[in-house]
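Each chain, written out:
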Amino acid sequence: MAEKRITGNFFACNNEVFVEGKSIGKFASIEIEHDRKDIAETATIEMPFYSIATAAAKETSGSSIAVKRVGKYSTTYVRINPDDWNIKVGASIQVYGWYEDNEALGQNFDKLLLFDGYIRSVEGGFPTRIKCEDCSFALRFGTVNQSFTSETKIAALLQSMCDISNEAFAKYRKDNGLTAPVPKLVPDGKSMDSGFVLKPAAAVSPYDVISQVVVGMYKLYSNVHTDTDAAGNSVAYVYAGLGISDSNAPAKRLDTSVNVIGRSITPTDNLFRNFRVTVRWIEDGGLKSYSTGSDNGIPYEMPLMPGRNSSQMKTTAESALSGLRVNRNKGTITTLLYPEVKMFDYVEYTDTIFSTLSGRYYVIGRKITCGGSRGFYQTLTVTDETLLFLG
């Protein structure tokens, strides 16, 4: 929805949850979290019905409980109505949230897709608690036995991991009677165009490979987001890179006099603090690193820099060290459900009480909550735009 000023102070919250394309009603509460250091966005959803869930390694017939073991994966679910809602591991789940239209104020609100992913586990009882991961969950399926001993493009790694997981996850869903169409994993064309080297990976999932190589070894950021491709098909783009959105794109505007209901941003003077900066790059077919600053200083590990040599990277490290010794603002901003703000977005923040906190920020974490007597809240973890690498 186009950004506009929200008037009034009464908003009626509404929501709907879909599993395998079927509505299972409204949630009682939800908590969605994502940090740029993690591949997966997670959701914990409480549904206002009673269920029994149990874990077992065999199929139970003649019961409301159905449990299967398919290969090395165990799936547990509960038939809680005649239509069989398929609330079980690997089922697709989408959560929509919105404010009801307010005719008196002349305001209309779009339904927002708050979460899109798969069920990871089900906790029975009342309420029934469903734990989910976004479409990166599919990367947990399949086994990698492959090495990249010579420098290889990250795009090649992502393509290989997507192919392995797409095949394994499709088989898992078919074996468990999950038939709703789901997006296939494809490499995100906006990923970093860089090379990497990887020791042989033995019997690990594609998720583990990306976590260990992209996030762990090379200090890049990775996530999976759904969108439509040029043909109009729903796809799940697997991203790996610096996590920078288009800096020329319009920033989301947040203002303490309009749509900010809480903030905890702390100015920090780093002039006399000690730091230890580490940079990494690929040279002569291997991963190189260089550190500068105080041995016991606060550690900052820069993401992999493509196409650089040792001399350039040392200059980069020294520049980063100098750049750390400045004043910076970092913290959280709590806003309403609108405007929709996503990971890696830029926000233009205006603080009408403490003007020194106003400025352009970069989103490095996001949490959406709703439940109990509280309505929808977005809590954004932000940092200065100029210090976006430093977390």
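In this text the structure is predicted, and so the values were computed from the model without any measurement. (Residues numbered from 1 in each chain as written. Predicted model: local features only at pLDDT ≥ 70, side-chain atom pairs only at ≥ 80, totals over all residues. Heavy atoms only, no water.)

Chemist: How should the side chain of R173 be read in this particular structure?
Modeler: Looking at where R173 falls in the secondary structure, it is placed in helix 1 (residues 154-175). If we ignore the near neighbours within four places in the chain, the residues touching R173 are E20, G90, A91, S92, Y118, L178, T179, A180 and V182. (Helix = DSSP H or I, 4+ residues; strand = E, 2+ residues; numbered from the N terminus. Contact = heavy atoms within 4.5 Å.)

Chemist: Help me out: how do you make sense of the sheet that holds strand 19 (residues 298-301) in this one?
Modeler: For sheets, the rule is that strands pair by backbone hydrogen bonds, running either parallel or antiparallel. On the basis of which strands lie adjacent, the open sheet formed by 3 strands has the order 18-17-19 and mixed pairing. The open sheet has two free edges, formed respectively by strand 18 (286-293) and strand 19, since each of these has just one partner strand. Going across the sheet, the axis of each strand differs from the next one's by a mean of 20°, ignoring polarity. Pairing between strand 17 (residues 275-283) and strand 18: 8 bridges, direction antiparallel. Across the sheet, the residue bridging to V277 is T292, located in strand 18. Taken strand by strand, helix 3 (residues 310-324) contacts strand 17, strand 18 and strand 19, and its axis lies near 155° from that of strand 17. (Pairing = 2+ DSSP bridges. Axes fitted to C-alpha atoms, helices over the stretch in contact; angles between N-to-C directions.)

Chemist: How should the layout of surface pockets be read in this particular structure?
Modeler: Rolling a probe over the atoms, with the probe sized like a water molecule, indicates the empty space that remains. Each pocket or cavity is described by its volume, and for the largest pocket that value is around 1100 Å³. Around the largest pocket sit 32 residues that line it, and N223, H225, T226, K342 and M343 are the ones nearest its centre. Those elements that provide at least two residues to the lining of the largest pocket are strand 8 (112-123), strand 13 (221-228) and strand 14 (234-241). In terms of residue count, the dominant contributor to the lining of the largest pocket is strand 13 (5 residues). Of the residues contributing to the lining of the largest pocket, the split by class is 12 nonpolar, 8 polar and 12 charged. (1 Å grid on protein atoms, 1.4 Å probe; cavity = no way out; pocket = protein on both sides within 12 Å on 5 of 7 lines; lining within 4 Å. Points joined across faces, edges and corners; volume = space filled by probe spheres on them. Nonpolar A, V, L, I, M, F, W, Y, C, P; charged D, E, K, R; others polar.)

Chemist: What is the right way to read the sheet that holds strand 14 from this model?
Modeler: Reading across the sheet, the 3 strands line up as 11-14-13 and stay open at both edges, with mixed pairing between neighbours. What marks the edges here is a single partner per strand, and that holds for strand 11 (184-187) and strand 13. Between one strand axis and the next, the sheet turns through 30° on average, direction left out of account. Here 4 bridges tie strand 11 to strand 14, and the two strands are oriented parallel to one another. Opposite K184, over in strand 14, you have V235 as the bridge partner. Each of strand 11 and strand 14 is contacted by helix 1, which is oriented at about 170° to strand 11, the strand it contacts most.

Chemist: Sorry, what's going on with the packing of helix 1 against helix 2 (residues 206-217) here?
Modeler: The description of two packed helices rests on the angle between their axes and on the distance between the axes. One can describe the packing of helix 1 onto helix 2 by two numbers: an axis separation of 9 Å at closest approach and a directional angle of 160°. Our classification of the angle between helix 1 and helix 2 gives roughly antiparallel. Here helix 1 runs over helix 2; the crossing is left-handed. From helix 1, L157, L158, M161, I164 and S165 reach across to helix 2, where they touch P206, V209, I210, V213 and V214. (Parallel < 35°, antiparallel > 145°, perpendicular 65-115°, else oblique. Left-handed = near helix turned anticlockwise from the far one by under 90°.)

Chemist: Is there a simple way to think about the confidence of the model for the protein in this case?
Modeler: It should be kept in mind that the predicted coordinates are not to be read in detail where pLDDT is low. For the protein, the mean per-residue pLDDT works out to 82, and 83% of the residues sit at or above 70. Contacts for the low-pLDDT stretch residues 54-71, under 50 throughout, to residues beyond four places or in other chains number 32 contacts. (pLDDT = per-residue confidence, 0-100.)

Chemist: What is the right way to look at the pattern of salt bridges in this model?
Modeler: Summed over all chains, the structure comprises 14 salt bridges. The residue R366 makes a salt bridge to E41 at a minimum N-O spacing of 3.2 Å. Of this pair, R366 sits in strand 22 (residues 359-371) while E41 is found in the loop between strand 3 (29-35) and strand 4 (42-47), placing the two residues 325 residues apart along the sequence. E41 gets classed as buried once you look at its relative accessible area, which sits at 12%. With a closest N to O distance of 2.9 Å, E133 and R140 form a salt bridge. Residue class for E133 comes out buried when judged on its relative accessible area of 5%. Through salt bridges that share partners, E46, E123, R129 and K131 make up one connected network. (Salt bridge = Lys/Arg side-chain N within 4 Å of Asp/Glu carboxyl O. Buried < 20%, exposed > 50% of the residue type's maximum accessible area, 1.4 Å probe, protein only.)

Chemist: What should I look at first to understand the packing of aromatic side chains in this one?
Modeler: For any two aromatic rings, the description comes down to two numbers: the centre-to-centre distance and the angle of the planes. This model, assessed by the stated rule, comprises 19 aromatic pairs. A centroid spacing of 5.5 Å and a plane angle of 90° characterise the contact between Y99 and F109, whose relative ring orientation is edge-to-face. Taken together, the residues Y99 in strand 7 (residues 92-99) and F109 in the loop between strand 7 and strand 8 connect sequence positions 10 residues apart. One exposure class covers both Y99 and F109, and it is buried. Measuring from ring centre to ring centre gives 4.9 Å for Y118 and F169, while their planes differ by 80°; the resulting arrangement is edge-to-face. Residue Y118 is located in strand 8, and its partner F169 is located in helix 1; the two are separated by 51 residues in the primary sequence. (Phe/Tyr/Trp six-rings, centres within 6.5 Å; stacked < 30°, edge-to-face > 60°.)

Chemist: Help me understand the side chain of Q378 in this model?
Modeler: Within the secondary structure, Q378 sits in strand 23 (residues 374-384). Within the local environment of Q378, its side chain forms a polar contact with the backbone oxygen of L337, the two atoms lying 3.2 Å apart. A distance of 2.9 Å separates a polar side-chain atom of Q378 from the backbone oxygen of P339. Sequence-distant contacts of Q378, that is, excluding residues within four places in its chain, are made with I333, T334, T335, L336, L337, Y338, P339, E340, V341, R366, K367 and I368. (Polar contact = N/O pair within 3.5 Å; in protein donor to acceptor, adjacent residues only side chain to side chain.)

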